[in-house]
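Structural characterization, general
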Amino acid sequence: DVHIAGVRSSCGCTSVAISKDTLKTYETGEIIATLNTRSFTGDRAATLTVTIDKPFYAEVQIRVTGYIRTDVVLDPPAVDFGSVAEGEAGEQRIAIAYAGRNDWKILDLKNTSALVDAEVVETSRGAGRVNYELIVKLKPDAPAGYLKDQLLLVTNDRRETEIPVDLEGRIAPALSVTPSSLFLGVVNPGKKVNKQLVVRAKQPFRITAVECEDSSFAFKHSDEAKEMHVIPVTFTAGDEAGKITRQITIVTDLPGNSRLECTAYAQIVSDEVAGSDRLPQTTAKATLAGDKQ
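Residue positions are given per chain, counting from 1 as you read along its sequence in written order. Predicted model: local features are reported for residues with pLDDT of at least 70 only, side-chain atom pairs are reported and counted for 80 or more only, and whole-chain, interface and lining totals are derived from all residues. Excluding hydrogens and water, the side-chain figures rest on all heavy atoms present in the structure.

Observations concerning unusual backbone geometry
- Cis geometry is found at the peptide bond from K54 to P55, where omega equals 5°.
- Here a helix means four or more residues in a row that DSSP labels H or I, a strand means two or more in a row labelled E, and each is numbered from the N terminus. Along the chain, P55 falls in the loop between β5 (42-54) and β6 (58-68).
- We note that Y26 has phi near 75°; this positive angle belongs to a residue other than glycine.
- Tracing the backbone shows Y26 in the loop between β3 (22-23) and β4 (31-35).
- One non-glycine residue with positive phi stands out, namely A127, at about 55°.
- Within the element layout of this structure, A127 appears in the loop between β11 (116-126) and β12 (129-138).

Details of the packing of aromatic side chains
- Geometry of aromatic contacts follows a simple scheme: Phe, Tyr and Trp rings, the Trp one being its six-membered ring, pair when their centres are within 6.5 Å, and the pair is stacked under 30 degrees between planes, edge-to-face over 60, tilted otherwise. Counted under the stated rule, the structure contains five aromatic pairs.
- Here Y98 and W104 contribute two aromatic rings whose centre-to-centre distance is 4.3 Å and whose plane-to-plane angle is 5°, an arrangement assigned as stacked.
- Note on W104: relative accessible area 0%, which makes it buried.
- Ring geometry for F217 against F219: centres 6.4 Å apart, planes inclined by 10°, an arrangement best described as stacked. Both residues of the pair, F217 and F219, count as buried. Exposed residues in this analysis have more than 50% of their type's maximum accessible area, buried residues have under 20%, and partly exposed residues fall in between, with area computed by a 1.4 Å probe over protein chains only.

Let's talk about the side chain of D71
- Among the secondary structure elements, D71 is positioned in the loop between β6 and β7 (72-75).
- Only 2.8 Å separates the side chain of D71 from the side chain of R69, close enough to count as a polar contact.
- The contact definition used throughout considers only heavy atoms, calling two residues in contact when any of these lie within 4.5 Å. Discounting residues that sit within four places of it in the chain, D71 has contacts with A97, Y98, A99, D157 and R159. Any pair of N or O atoms that falls within 3.5 Å is considered a polar contact. Within protein, one atom must be able to donate a hydrogen and the other to accept it, and sequence-neighbouring residues count only if both atoms are side-chain atoms.

Here's the deal with the environment of K137
- Summarising the element assignment, K137 is placed in strand β12.
- Its relative accessible area of 41% is what places K137 among the partly exposed residues.
- Sequence spacing of K137 and A85 is 52 residues, and the spatial spacing of their C-alpha atoms is 14 Å.
- Non-local contacts of K137, meaning those with residues more than four positions away in its chain, are made with F81, G90, E91, L115, V116 and D117.

Concerning the sheet that holds strand β18 (residues 207-211)
- Pairing is mixed in the open sheet, where four strands are placed in the order β16-β22-β21-β18. Two strands close off the open sheet at either side, each with one partner strand: β16 (181-187) and β18. Neighbour-to-neighbour, the strand axes of the sheet open up by a mean angle of 20°, direction not taken into account.
- A pair of strands is treated as paired once DSSP finds two or more bridges between them. Where strand β21 (residues 242-252) and strand β22 (residues 259-268) come together, ten bridges link them in antiparallel fashion. Within β22, the residue paired with R246 across the bridge is A264. The convention used is that axes are lines fitted to C-alpha atoms, helices contributing only their stretch in contact, and that angles between N-to-C directions extend from 0 to 180 degrees.

Right, dumping it as structure tokens:
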């Protein structure tokens, strides 16, 4: 496992947080840096130092730079859909306020994301203040996964022609399996490992089959219709040593996306190899005992 002991910032203009401080095999986490736009303005830079203490000590530095402008205010500061179920539409609105020139305009909106539709509408203008509203709609056919992108507001301001607007969210799958990667560990030939898979959906469903090409895997599942199923998995290691990777397919009676894939990993180690790994330790203990005598 990798453990992040802490993160520190060289500047008070940037705060930092860790989404997950312990990462197991195949897991990922994030270092989240936030610029303090309420207390700081102009060009800002900070160095984030990430300290890792397991499996060994290390430090990683991340450079953060940005420009905080005072004439344009976005409320809220980004388009964040949060968690949206797959197949559902979502909508977010941002108020854009400008203070300065009467003739300031948003000329265009650049949208490179295929998952959203976006438009910007002018709502008021006068006395050196201009207001717009940015309307962003998540498409109902957006696939499951994380949404991380940017919209660009193109203005007639020659100093800052483009204003980036962060776009993020998570489209939760209508059907999911946890874990998506099943690590079975290091196993001796003939030994059994018992694990569990958890399958969830937003509506009751039945599991009609759990399939794997490898007969070393055995599964049990209920015929009952419910929103969450726990599937016991039993793996019996074969005689051949080495790494194995197998695909497990879960079939349900849900319409549309009715199948799930899960990848199982294992390392089969022969008894001879395991025994040889222990020999140096036994010999060392005997030598130490002799030295004491």
